[in-house]
Amino acid sequence: MAHLNLEQRLDGSPILRYGFSVAAVAIALGVSLISDAYGFRDVELPAFTLAIAFVSWYAGGGPSALAVVLSATSFNYFFTEPRYTLYVYASDIPSY
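Owing to the predicted nature of the structure, the values given are computational and were not obtained by experimental measurement.

Participant: Which parts of the structure should I look at to understand the overall build of the protein?
Facilitator: When helices and strands are counted, the protein shows 4 helices and 0 strands. Relative to its 96 residues, the protein shows a buried fraction of 26%. In the protein, once contacts between residues fewer than 6 apart in sequence are set aside, the share between residues at least 24 apart is 51%. Carbon and sulfur atoms make up 68% of the accessible area of the protein, which totals about 6400 Å².

Participant: I tried to follow the packing of helix α2 (residues 14–37) against helix α3 (residues 44–58) on my own but got confused; where do I start?
Facilitator: If you want to describe how two helices pack, look at the angle between their axes and the distance between the axes. Axis separation between α2 and α3 bottoms out at 9 Å; the angle between their running directions is 165 degrees. Of the possible angle classes, the one that applies to α2 and α3 is roughly antiparallel. When you trace α2 past α3, the crossing you get is right-handed. Residues Phe20, Ser21, Ala24, Val25, Ala28, Leu29, Ser32 and Asp36 of α2 pack against Glu44, Ala47, Phe48, Ala51, Phe54, Val55 and Tyr58 of α3. Split into classes, the residues belonging to the contact of α2 with α3 amount to 11 nonpolar, 2 polar and 2 charged.

Participant: Where do I start with the nonpolar core in this structure?
Facilitator: The nonpolar side chains of a soluble globular protein tend to be buried, and buried together. If you look at the biggest cluster of nonpolar residues, it comprises 12 residues: Ala24, Val25, Ala28, Leu29, Ala47, Phe48, Ala51, Val55, Ala59, Ala67, Phe75 and Phe79. Those elements that provide at least two residues to this core are α2, α3 and α4 (61–79). Those residues in contact with Val25, other than ones at most four positions away along the chain, are Phe48, Ala51, Ala67, Leu70, Ser71 and Ser74.

Participant: Help me understand the environment of Val43, please; the structure alone is not making it clear to me.
Facilitator: Looking at the element boundaries, Val43 is found in the loop between α2 and α3. Here the alpha-carbon distance between Val43 and Val31, two residues 12 residues apart in the chain, equals 8.4 Å. With residues near it in sequence (within four places) discarded, Val43 still touches Ser32 and Ser35.

About the cut-offs
Residues numbered from 1 in each chain as written. Predicted model: local features only at pLDDT ≥ 70, side-chain atom pairs only at ≥ 80, totals over all residues. Heavy atoms only, no water. Helix = DSSP H or I, 4+ residues; strand = E, 2+ residues; numbered from the N terminus. Buried < 20%, exposed > 50% of the residue type's maximum accessible area, 1.4 Å probe, protein only. Contact = heavy atoms within 4.5 Å. Areas by Shrake-Rupley, 256 points an atom, 1.4 Å probe, with all protein chains shown as cover. Axes fitted to C-alpha atoms, helices over the stretch in contact; angles between N-to-C directions. Parallel < 35°, antiparallel > 145°, perpendicular 65-115°, else oblique. Left-handed = near helix turned anticlockwise from the far one by under 90°. Nonpolar A, V, L, I, M, F, W, Y, C, P; charged D, E, K, R; others polar. Core = buried A, V, L, I, M, F, W, Y, C linked by side-chain atoms within 4.5 Å.

Here you go:
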C-alpha cells in the first residue's frame, strides 16, 4: 500500500482543504476557551496564529484566507472586550 501524507490527501479535494481550515480554527478556539476557563492568559492569539500557519502550509491560499477570517471573528467574539459581541473599538484595531 502506498503511503499518502497529509499534503497529498488535501491536494485532491477542496472540501477536505476547507474542512481542514474550519477544523483547525475550531481546535484553536477550543484550546483557547479551555485555557481561558482555567485562568491562563494570552493563549488565544498564538493558538489562532498556529492554526493559520498549519492551514497555510498544508491547504493553500483559499483555505488560509478562510482561516484568517474565522480566527479574527472568533478572537473578536470570544476574547476582546466587550465579550460576546462583534463590536470593535478603534483602540482594538492594532490587535487585529
